Amino acid sequence: MKKRQLGSSDLFVSEIGLGCMSLGSGQIKAEAVIDAALEEGINYFDTADLYDFGKNEEIVGLALKNVRDQVIIATKAGNRWTDAKDSWTWDPSKEYIKEAVKQSLKRLNTDYIDLYQLHGGTIEDNIEQTIEAFEELKTEGFIRHYGISSIRPNVIREYIDKSNIVSVMMQYSILDRRPEEEALPLLQENRISVVTRGTVAKGLLSDRMLNKATQSIKKNGYLDYNVDELQEMLPALKEKMAPHRSLTEVAIQYNLAQPSVASVVAGASSPEQIKENARAANSQPLSEEELELIRSLTKANKYDQHR
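Described in the following lines is the structure provided in the data block. (Residues numbered from 1 in each chain as written. Predicted model: local features only at pLDDT ≥ 70, side-chain atom pairs only at ≥ 80, totals over all residues. Heavy atoms only, no water.)

Observations concerning the environment of Q70
Then, number 1: Structurally, Q70 can be placed in the loop between α2 (55–63) and β5 (72–77).
Then, number 2: Residue Q70 is classed as exposed on the basis of its relative accessible area, which comes to 55%.
Then, number 3: Distance from Q70 to E57, taken between C-alpha atoms, is 17 Å for residues 13 residues apart in sequence. (Helix = DSSP H or I, 4+ residues; strand = E, 2+ residues; numbered from the N terminus. Buried < 20%, exposed > 50% of the residue type's maximum accessible area, 1.4 Å probe, protein only.)

Comments concerning the nonpolar core
Then, number 1: Core analysis: the largest hydrophobic core is formed by 82 residues, its most contacted members being L18, F45, Y116, L175, L204, L230 and L234.
Then, number 2: Other than its neighbours up to four places away in sequence, L18 contacts L23, V33, I34, A37, I42, Y44, F45, D46, V265, A266, A268 and I274.
Then, number 3: Grouped together as the second largest cluster of nonpolar side chains are 12 residues, V13, I72, A74 and A262 included. (Core = buried A, V, L, I, M, F, W, Y, C linked by side-chain atoms within 4.5 Å. Contact = heavy atoms within 4.5 Å.)

Overview of the sheet that holds strand β10 (residues 167–171)
Then, number 1: Here 8 strands make up a closed barrel; going around it, the order is β3-β4-β5-β8-β9-β10-β11-β12 and the pairing parallel. On average, each strand axis in the sheet is inclined to that of its neighbour by 30°, with strand direction left out of account.
Then, number 2: In this structure, strand β9 (residues 143–149) lies alongside β10, joined through 2 bridges in parallel fashion. Each residue of the ladder has a partner; that of S149, found in β10, is M169. (Pairing = 2+ DSSP bridges. Axes fitted to C-alpha atoms, helices over the stretch in contact; angles between N-to-C directions.)

Examining the pairing of β5
Then, number 1: Counting buried positions over the 6 residues of β5 gives 6, a clear majority of the element.
Then, number 2: Alternating positions in β5 separate into two faces, I72, A74 and K76 on one and I73, T75 and A77 on the other, with burial throughout.
Then, number 3: Pairing between strand β4 (residues 44–46) and β5: 3 bridges, direction parallel. For Y44, the partnering residue across the bridge sits in β5 and is I72.
Then, number 4: As for the winding sense of the linkage, the β-α-β connection from β4 through α2 to β5 is right-handed. (Right-handed = clockwise from strand over helix to strand, strands pointing away.)

Overview of helix α8 (residues 227–241)
Then, number 1: Taking 1.5 Å as the rise per residue, α8 with 15 residues should run 21 Å; its terminal C-alpha atoms sit 21 Å apart, in good agreement.
Then, number 2: Taken together, the buried positions of α8 are occupied by V227, L230, M233, L234, L237 and M241. When α8 is viewed along its axis, its buried side chains cluster within an angular range of 125° and face the same direction. Exposed residues on α8 whose side chains face more than 90 degrees from its buried face are D228, E232 and E239.
Then, number 3: On the buried face of α8, the contacting elements are α7 (215–220), α9 (247–256) and α11 (288–297).
Then, number 4: A distance of 3.1 Å separates the backbone nitrogen of D228 from a side-chain oxygen at the start of α8, and that oxygen is part of N226. (Expected span 1.5 Å × (residues − 1). Arc of directions from axis to C-beta. Polar contact = N/O pair within 3.5 Å; in protein donor to acceptor, adjacent residues only side chain to side chain.)

Structural notes on helix α5 (residues 153–162)
Then, number 1: All of the buried residues in α5 are P153, N154, V155, I156, Y159 and I160.
Then, number 2: Those residues of α5 that are buried are in contact with β8 (113–118), α4 (127–139), β9, β10 and α6 (183–189).

Examining the pattern of salt bridges
Then, number 1: This structure, assessed with the given rule, holds 22 salt bridges.
Then, number 2: R4 serves as the salt-bridge partner of E15, at 2.9 Å between the closest nitrogen and oxygen. Taken as a pair, E15 in the loop between β2 (12–14) and β3 (16–19) and R4 in strand β1 (residues 3–5) lie far apart in primary sequence, 11 residues in all.
Then, number 3: Overall, R4 belongs to the partly exposed group, its relative accessible area being 21%.
Then, number 4: R178 is the salt-bridge partner of D176, the closest N and O atoms lying 2.7 Å from each other.
Then, number 5: Given a relative accessible area of 11%, R178 falls into the buried group.
Then, number 6: Put simply, K94, K98, E132, E136 and E140 are held in one network by salt bridges that share partners. (Salt bridge = Lys/Arg side-chain N within 4 Å of Asp/Glu carboxyl O.)

Written out as structure tokens, the structure reads:
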């Protein structure tokens, strides 16, 4: 598995990362998936304190305990469960982040976090205070580097200007090309890496296409695409782009073709899915002609610039 530098940091992450939210709550099953990931050369594992009320961090920490110095663990903070644990509130305050990291370290059973990410963000936040928290955590040795998980252009610009983030996690795919307009070039220019999620667009960019789509997608479509457009475009994309390989391979290679992308974080609930994702990452890169064909078949989606 090839590795790419994360921003200007000393972290080199595998081109496929494991999105740990999909592991479930069973330790044995989760460890089978994580072991398969390690066998495929995946070294980047992404979790969050929000997932399963912190249980996900515990599972990941236990599974990676014996290889801790060989892997990169990324987790997130900023979403705070209510006492009833039936919803969460947004809290990017310095006080909360510095308390949350202690709990994450305990659950992960580690002395440090390789990449600590703000799990969202709005332009109304006290961004300077949030940055101060992350910088202090770096100085204190609790985290090695920090980044944000955000799709908001205004928020991303603020962190580029004011912080030392090394990465931005964002949704990006063939069906969600919004980051191409501004975010990807801007982050590349500033040597900040992108870690992508949503790469297979809720399964639409797999060989199942619309067959197992959610009822919401079958009724309302996906982003700028209505159902009729999806029914026409997805088979055309598969016919032209994936006669000899899966749509998943095409989707992953499309993201990896972007120089600003360091890793494609993909979920997996079985060792077989891990192997499929690894094969996709190790497959033939898309040519410039293939990339242009994909762009001609799909939409250059736009962000709401007020976000």
